[in-house]
Amino acid sequence: MKRKDFLKLSGLSFGAYLLADLPAFAKVIDPQAALDRIDTSLKKELADVALNVAKSKGATYADVRIGRYLNQTIATQEKRVRGLQSTESYGVGIRVIADGCWGFAATDKVDKDNIAQATALAIAIAKGNARFMAEPVQLAPQKGLGEQTWATPIEKNPFEVPVGEKVELLLAANQSALDGGANFVTSNLFMINEQKYFASTDGSYIDQDIHRIWPTFTVTAIDRSSGKFETRDSLSAPMGMGYEYLTPGTPYKIDGVPVTLYKDRYDILADAATAAQHAKEKIGAKSVAPGKYDLVLDPLHLGLTIHESVGHSTELDRVLGYEANYAGTSFLTLDKWEAKNFNFGNELVNVVADRTQLGSLGAVGYDDEGVPAGKWDVIKDGILVNYQTIRDQAHILGLDASQGCCYADSWNSIQFQRMPNISLLPNKKSRKVADIIKNVEKGIYIVGRGSYSIDQQRYNFQFGGQLFYEISNGKIVGMLKDVAYQANTQEFWNAMADIADEEDYRLFGTFFDGKGQPSQVSAVSHGSSTAHFKGINVINTGRAIG
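Quick caveat, the model's predicted, so the values are computed rather than measured. (Residues numbered from 1 in each chain as written. Predicted model: local features only at pLDDT ≥ 70, side-chain atom pairs only at ≥ 80, totals over all residues. Heavy atoms only, no water.)

K.L.:
Please clarify how the overall build of the chain should be interpreted in this entry.
P.N.:
A count of helices and strands for the chain gives 10 helices and 24 strands. Relative to its length of 546 residues, the chain is compact, with a C-alpha radius of gyration of 24 Å against a globular reference of 24 Å. Along the first, second and third principal axes, the C-alpha atoms of the chain reach 75 × 65 × 45 Å. For the chain, the residues scored as buried account for 58% of the 546 residues in total. Side-chain charges in the chain split into 57 positive and 64 negative, and the spacing between the mean points of these groups amounts to 4 Å. (Helix = DSSP H or I, 4+ residues; strand = E, 2+ residues; numbered from the N terminus. Rg over C-alpha atoms; globule rule 2.2 N^0.38 Å. Buried < 20%, exposed > 50% of the residue type's maximum accessible area, 1.4 Å probe, protein only. Lys, Arg positive; Asp, Glu negative; His and termini not counted. Charge placed at Lys NZ, Arg CZ, Asp CG, Glu CD.)

Here it is, written out as structure tokens:
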């Protein structure tokens with residue numbers, strides 16, 4: 001599809017330009033239909049049908065989620081549009097406890113009769129499952145909150161922005177990269193709006209309107225004479241924001257660092273032009289010599305290491321062995337938490353779970369069990385002090401309430417424990433990145449996410465990145481390539497020697513974090529400031545064996 005042809009379209013029916021197979025129960029819609037709203041009073045009336053049927057059939061607890069999930073994706077390559085997709089998924093999921101056991105059922109027929117039938121099915125499933133139950137569900141108390149609302153505080157709804165305008169922006173970014181010397185470029189814009197209504201027999205009726213956005217690209221530069229090529233991805237972060245994120249603001253610059261970075265505003269045109277220059281520079285960059293280096297890790301890189309080694313390892317279901325899909329369980333077993341002195345890292349390592357941070361992917365008002373969003377310590381002064389829990393796990397840790405970590409990716413998925421934002425706290429004292437680099441004699445400064453691997457206990461790992469710069473005697477002296485570092489989780493976090501202050505604090509995010517079977521995805525952010533790690537093993541990923 002050519003740009004000039006796209007701009008002639010009226011009505012913008014996406015059906016002919018689907019990017020991939022549609023998710024189950026999703027349907028293609030006109031982009032304008034995404035702006036329609038469902039009356040809250042109708043949702044309450046429908047939710048009450050499920051709750052009343054559940055109680056009449058013997059449920060001791062029930063909750064219902066009426067969900068409308070909107071997704072819009074635009075994909076381009078060089079000067080053409082590769083795909084457009086705007087979808088809606090709308091339905092009802094009912095979860096119950098009957099005879100001490102969970103049951104769940106869902107329907108995409110959103111009317112009273114079908115909701116009543118789905119509720120009866122959930123009850124039947126619970127009672128059937130109860131015959132094989134080892135012990136009844138212990139649900140942490142949650143007082144009824146009455147009628148509540150929460151919305152992502154956006155300035156500009158991405159679904160209100162004309163599709164043509166968004167396509168123009170991506171194509172302009174592509175052109176910016178091509179003008180900068182890139183040979184190939186692909187760009188994408190992902191937009192999600194979750195309109196979720198939750199009601200429970202506890203007495204909560206919660207209406208939420210949640211937005212997420214992710215602009216991203218990959219540029220490729222080729223040296224025709226040698227056949228070598230290199231890529232560089234965007235330095236954007238997926239955010240819990242509106243389209244205002246794509247309004248260029250003041251870029252974030254660090255003294256002595258040859259990379260332009262971004263905080264709560266992202267300039268995709270400027271980043272694409274710079275990405276082309278970086279990709280070309282990487283072709284001729286010096287290949288790293290393997291050995292021990294100090295690492296200075298930017299938040300756009302460190303966030304993935306936090307996600308894999310801290311975020312997933314402190315999920316209580318992995319700790320207990322209930323969840324082993326997508327890279328296993330966790331080495332952080334309960335005995336380590338019970339000891340109250342398990343050395344996860346050194347005293348500089350302070351990690352919090354936080355579902356309240358505005359702009360983050362995990363920010364909500366309430367989780368999918370109606371528990372208000374909160375914030376708590378996970379690692380305090382290097383010691384493991386807590387995990388991530390939901391209502392039927394809280395008693396295992398002796399907690400009086402859930403920590404609000406329950407989420408389902410659709411109305412037809414059962415909610416379960418998902419990672420909140422897991423973030424490394426910045427230095428409380430004034431500490432600049434430039435000053436950290438000045439203290440490094442032999443090191444590597446790393447920006448952006450790359451390839452990675454971690455074992456089935458979330459312990460031994462390897463991480464690459466996007467951009468690598470050699471640090472010698474306190475200064476960045478040039479670009480490197482073929483860099484990856486290896487460590488284990490305790491070794492790595494005990495090697496942390498310094499961290500920048502709050503001025504440098506930024507968010508990394510993962511838009512499609514997989515877990516469970518059947519698989520579900522969620523979005524989560526990880527905040528940090530630039531941090532310094534001493535004596536980490538670096539390998540050369542470009543070396544041939546033999």
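K.L.:
Would you mind going over the packing of helix 2 (residues 40–56) against helix 3 (residues 112–130) with me for this structure?
P.N.:
Direction vectors running N to C along helix 2 and helix 3 enclose 35°, while the axes themselves pass 9 Å from each other. Crossing handedness for the pair helix 2 and helix 3: right-handed. Residues E45, L46, V49, A50, V53 and A54 of helix 2 touch helix 3, and the partners they reach there are K112, I115, A116, T119, A120 and I123. Its residues assigned to classes, the contact of helix 2 with helix 3 shows 9 nonpolar, 1 polar and 2 charged. (Axes fitted to C-alpha atoms, helices over the stretch in contact; angles between N-to-C directions. Left-handed = near helix turned anticlockwise from the far one by under 90°. Contact = heavy atoms within 4.5 Å. Nonpolar A, V, L, I, M, F, W, Y, C, P; charged D, E, K, R; others polar.)

K.L.:
Can you help me understand the packing of aromatic side chains in this one?
P.N.:
For any pair of aromatic rings, the description consists of the separation of the ring centres together with the inter-plane angle of the planes. With the rule as written, the count across this model stands at 20 aromatic pairs. Measuring from ring centre to ring centre gives 5.1 Å for F461 and F463, while their planes differ by 65°; the resulting arrangement is edge-to-face. The exposure class assigned to F461 is buried, which follows from its relative accessible area of 4%. Site record: aromatic cluster; members linked through ring pairs are Y452, F461, F463, Y485, F492, W493 and F533. One Lys or Arg, K336, reaches over the ring of F342 and ends 5.7 Å from the middle of that ring. Cation over ring: K442 sits above Y293, and NZ or CZ is 4.6 Å from the ring centre. (Phe/Tyr/Trp six-rings, centres within 6.5 Å; stacked < 30°, edge-to-face > 60°. Lys NZ or Arg CZ within 6 Å of the ring centre and 35° of its normal.)

K.L.:
Any chance you could explain the nonpolar core here in plain terms?
P.N.:
Side chains of nonpolar character tend, in soluble globular proteins, to be buried together. Counting residues in hydrophobic clusters, the biggest one holds 60 residues, and the most contacted among them are V219, L246, L261, I268, I437 and Y445. Looking at this core element by element, the count peaks at 7 residues for helix 4 (residues 163–179). Look past the residues within four positions of I268 in its chain and what remains in contact with it is L169, L170, A173, P215, F217 and L246. Residues V349, L424, I444 and W493 belong to the second largest nonpolar core, which totals 51 residues. (Core = buried A, V, L, I, M, F, W, Y, C linked by side-chain atoms within 4.5 Å.)

K.L.:
Looking at this structure, I do not really get the state of the cysteines. What am I missing?
P.N.:
Simply put, the disulfide is a covalent bond whose two ends are the sulfur atoms of two cysteines. Under the counting rule described, the total for this entry stands at 0 disulfides. Free cysteine: C101, not disulfide-bonded; nearest cysteine sulfur from C406 at 16 Å. Its relative accessible area of 12% is what places C101 among the buried residues. Sulfur of C405: no disulfide; nearest cysteine sulfur belongs to C406 and is 8.8 Å away. Among the residues examined, C405 registers a relative accessible area of 0% and is labelled buried. (Disulfide = S-S within 2.5 Å.)

K.L.:
Please clarify how the pattern of salt bridges should be interpreted in this entry.
P.N.:
Pairing is possible between side chains of opposite charge, provided their charged atoms come close. Scanning the model with the defined rule gives 28 salt bridges in all. The closest approach of N and O atoms between E88 and K27, which form a salt bridge, is 3.6 Å. Separated by 61 residues along the polypeptide, E88 in strand 3 (residues 80–98) and K27 in strand 1 (residues 26–28) bring together distant segments of the chain. D504 is paired through a salt bridge with R506; the nearest N and O atoms lie 2.9 Å apart. Considered together, D504 and R506 belong to a single accessibility category, that of buried residues. (Salt bridge = Lys/Arg side-chain N within 4 Å of Asp/Glu carboxyl O.)

K.L.:
Just checking my understanding: could you explain helix 4 for this structure?
P.N.:
Each full turn of the α-helix corresponds to 3.6 residues, which orients residues three or four apart in the same direction. A rise of 1.5 Å per residue sets the reference length of helix 4, with its 17 residues, at 24 Å; its end C-alpha atoms lie 24 Å apart and thus fit the reference within 8%. Among all positions in helix 4, only V163, G164, K166, V167, L169, L170, L171, A173, N174, S176 and A177 are buried. The first or second residue beyond helix 4 is G181, which carries a positive phi of 110°. (Expected span 1.5 Å × (residues − 1).)

K.L.:
Looking at this model, I keep getting lost on unusual backbone geometry. Mind explaining?
P.N.:
Working note: non-glycine residues mostly have negative phi, and peptide bonds are mostly trans. In the segment running from Q517 into P518, the intervening peptide bond is cis, with an omega of 0°. Residue position: P518 is located in the loop between strand 22 (506–515) and strand 23 (520–528). Positive phi, close to 60°, is recorded for R458, a residue that is not glycine. Topologically, R458 is positioned in the loop between strand 17 (442–454) and strand 18 (460–472).

K.L.:
Hey, could you run me through the sheet that holds strand 13 (residues 383–384) in this one?
P.N.:
Within a beta sheet, neighbouring strands are joined by backbone hydrogen bonds and run either parallel or antiparallel to one another. Strand order in the open sheet formed by 4 strands is 13-12-11-16, with antiparallel pairing between adjacent strands. Each having just a single partner strand, strand 13 and strand 16 (421–424) make up the two edges of the open sheet. The pairing of strand 12 (residues 375–380) with strand 13 spans 2 bridges and is classified as antiparallel. Looking across to strand 13, one finds that I379 is bridged to L384. Its contacts with the sheet put helix 6 (residues 299–311) on strand 11 (351–354), strand 12 and strand 16, and the angle it makes with strand 16 is roughly 115°. (Pairing = 2+ DSSP bridges.)

K.L.:
Can you help me understand helix 2 in this one?
P.N.:
The end-to-end C-alpha distance of helix 2, which contains 17 residues, comes to 24 Å, matching closely the 24 Å that a straight helix rising 1.5 Å per residue would cover. Those residues of helix 2 not exposed but buried are K43, L46, A47, D48, V49, A50, L51, V53 and A54. Packing partners of the buried residues in helix 2 comprise strand 2 (61–77), strand 3, helix 3, strand 6 (184–200) and strand 7 (204–223). One or two positions beyond helix 2, positive phi appears at G58, with a value near 100°.

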